[in-house]
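What the coordinates show
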Amino acid sequence: MAEITLKGLAHSYLPDPKGPEDYAIREMDHVWHQGGAYALLGPSGCGKSTLLNIISGLLEPSGGEVLFDGERVNSLPPEARNIAQVFQFPVVYDTMTVFDNLAFPLRNIGTPPARIKERVLEVADVLELTPQLRRKAKNLTADEKQKVSMGRGLVRDDVSAILFDEPLTVIDPQLKWKLRRKLKEIHRRFNITMVYVTHDQLEASTFADRIAVMYEGQVVQFGTPRELFEAPNHTFVGYFIGSPGMNFLPVALDGDRVMCGETPLEVGEAFVRSLSGRHSTNLKLGIRPEFVAVHAEEVPDAMLAEVLDIQDLGTYAILSLRLGEQRLKARVEEDEPLPHKKAWLRFPSDRLGLYVDEYRVEVSP
Ligand SMILES: Nc1ncnc2c1ncn2[C@@H]1O[C@H](COP(=O)(O)OP(=O)(O)OP(=O)(O)O)[C@@H](O)[C@H]1O
């Protein structure tokens, strides 16, 4: 068991990297605490697998340090790090039985046979592989093979951490849901640090207590699913988490009015104060579709918007709106009146975020 610390970590696959764009991992500091259930979430190419391979020891970082319980492990191979890794595609020995596949990592470290049997049966039970234990792995379905692969990662209870690299990609959607819950159950039962890589926000939030969102080789936010939803730290997190993603409106201050293009916004004094004195020209207001207050009739301090489209999703509707030149989305619950053609919008201050150069800044009331 270990606390894993990444200190000034960076990695480039190029021999002579120049700018930040040459780095798969841009300099980062991060701590995975002992016993946590974490997800590493981000789009394809953001550096998730690179980071995982650096932690497991498959890849040596070109800069910075990886520390396990404070000890530098940068050049230790995976075996010496005591890390289990489960990959996207099954890694099983076809000619061995399921039992022997699961027993393999334990036999490798000289575990007594009685303990091997106990542990294999326990893991097979959790993963519902008991009926297959005597079968040769080559006769299994793709789902079953991946379960064996996961079992091999879970069977040792002395590992520092288990890293999962999109382990459910080949799994049938219904079983996926079940396995995610199993993994959570296993985490609770065995109390091992688990880092689960995925590009799927649902997968990340059902598995993890805390999610690290990666974007362009950096962790741009590390928080609970709720924190990522309610207060995205970076515009990318706002776009990436939630469906539809967060609305971002480019703004500028004109005297004491907050303007989105030619359209004045009703956003309250705190935002005017926070915007004044900003030197950047990259200023945005962010609000989730769920938090835009939509009125079918005119109300005081509301902004008039045009309704472009209404997508009825049963218990709620998603409205596509135009406010001045800006497009945005809003969610309206089924028990609220749906506007036609025109809608009056308000942005509740406590739900509105201010983003300077793509990062959220504090707005004091
Ligand atoms: N072996 C390699 N040699 C050179 N560049 C690489 C190598 N592996 C990854 N990269 C590059 O590093 C960046 C990060 O890739 P990485 O595979 O870590 O991302 P990812 O988030 O895991 O993506 P995916 O979800 O598609 O696997 C990408 O630009 C990728 O092209």
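Bear in mind that the values here come from a model prediction, so they are computed numbers and not experimental data. (Residues numbered from 1 in each chain as written. Predicted model: local features only at pLDDT ≥ 70, side-chain atom pairs only at ≥ 80, totals over all residues. Heavy atoms only, no water.)

Turning to the nonpolar core, a few remarks are in order. One finds Val120, Leu154, Ile162, Phe164, Leu183, Ile186 and Ile211 to be the most contacted residues of the largest nonpolar core, which totals 48 residues. If we skip the residues at most four places from it in the chain, Ile211 touches Ala39, Leu41, Ala204, Ser205, Gln221, Phe222, Gly223, Pro225 and Leu228. (Core = buried A, V, L, I, M, F, W, Y, C linked by side-chain atoms within 4.5 Å. Buried < 20%, exposed > 50% of the residue type's maximum accessible area, 1.4 Å probe, protein only. Contact = heavy atoms within 4.5 Å.)

The next subject is the environment of Val91. Within the element layout of this structure, Val91 appears in the loop between strand 6 (83–86) and helix 3 (98–108). Overall, Val91 belongs to the partly exposed group, its relative accessible area being 43%. Taking C-alpha positions, Val91 is 9.7 Å from Asn101, a pair spaced ten residues apart along the chain. The contact partners of Val91, leaving out residues within four places of it in the chain, are Ser149 and Arg152. (Helix = DSSP H or I, 4+ residues; strand = E, 2+ residues; numbered from the N terminus.)

On to the pattern of salt bridges. Going through the model one piece at a time under the given rule, you end up with 21 salt bridges. For Glu65, the salt bridge goes to Arg72, with nearest N and O atoms at 3.1 Å. For Glu65, a relative accessible area of 23% corresponds to the partly exposed category. Between Arg189 and Glu185 there is a salt bridge whose closest N-O contact spans 3.6 Å. Of the two residues, Arg189 and Glu185 both sit in helix 6 (residues 173–190), four residues apart, roughly one turn of that helix. Connected through shared salt-bridge partners, Arg119, Glu122, Glu185 and Arg189 make up one network. (Salt bridge = Lys/Arg side-chain N within 4 Å of Asp/Glu carboxyl O.)

Relative to each other, helix 5 (residues 142–154) and helix 6 sit at 10°, their axes nearing to 13 Å. It follows that helix 5 is roughly parallel to helix 6 by the angle criterion. Viewed along their axes, helix 5 and helix 6 form a crossing whose handedness is right-handed. Listed contacts from helix 6 to Asp143, Lys147, Met150 and Leu154 of helix 5 are Leu175, Leu179, Leu183, Ile186 and Phe190. Of the residues contributing to the contact of helix 5 with helix 6, the split by class is seven nonpolar, no polar and two charged. (Axes fitted to C-alpha atoms, helices over the stretch in contact; angles between N-to-C directions. Parallel < 35°, antiparallel > 145°, perpendicular 65-115°, else oblique. Left-handed = near helix turned anticlockwise from the far one by under 90°. Nonpolar A, V, L, I, M, F, W, Y, C, P; charged D, E, K, R; others polar.)

Looking now at a nonpolar patch on the surface. Taken together, Leu58, Phe87 and Val91 make up a surface patch of nonpolar side chains, about 250 Å² in accessible area. Relative to the helices and strands, Leu58 is located in the loop between helix 1 (48–56) and strand 4 (63–68). (Patch = residues over 30% accessible without salt bridge, like charges linked within 9 Å, V, L, I, M, F, W, Y side chains within 5 Å. Areas by Shrake-Rupley, 256 points an atom, 1.4 Å probe, with all protein chains shown as cover.)

Here we come to the site of the ligand. Inspection of the region around the ligand gives Tyr13, Ala24, Pro43, Ser44, Gly45, Cys46, Gly47, Lys48, Ser49, Thr50 and Glu166 as its neighbouring residues. Within the contact set of the ligand, a nitrogen atom lies 3.4 Å away from a side-chain nitrogen or oxygen of Tyr13. A distance of 3.1 Å is found between an oxygen atom of the ligand and a backbone nitrogen or oxygen belonging to Cys46. Contact with the protein chains removes 53% of the 630 Å² of surface that the ligand exposes when unbound. (Near = heavy atom within 4 Å. Polar contact = N/O pair within 3.5 Å; in protein donor to acceptor, adjacent residues only side chain to side chain.)

We now examine the sheet that holds strand 17 (residues 303–312). Backbone-to-backbone hydrogen bonds join strands into a sheet, with any given pair of strands oriented parallel or antiparallel. Here five strands make up an open sheet; going across it, the order is 16-20-17-18-19 and the pairing antiparallel. The open sheet is flanked by strand 16 (293–295) and strand 19 (326–333), the only strands paired with a single partner. Between one strand axis and the next, the sheet turns through 40° on average, direction left out of account. Note: strand 17 against strand 18 (residues 316–323), six bridges, orientation antiparallel. Bridge assignment links Gln311 to a residue of strand 18, and that residue is Ile318. (Pairing = 2+ DSSP bridges.)

On to the domain arrangement of the chain. How big an interface is tends to be stated in terms of accessible area lost as the parts join. According to the domain assignment, the chain consists of domain 1 (4–240) and domain 2 (247–361). The C-alpha centroid of domain 2 is placed 39 Å from the C-alpha centroid of domain 1. Every contact between the two is made by 13 residues of domain 1 and, on the other side, ten residues of domain 2. Summed over both partners, the interface of domain 1 with domain 2 comes to about 1100 Å²; 52% of that surface belongs to carbon and sulfur atoms. (Domains from an automatic or database assignment. Buried area = accessible area lost by both parts, 1.4 Å probe.)

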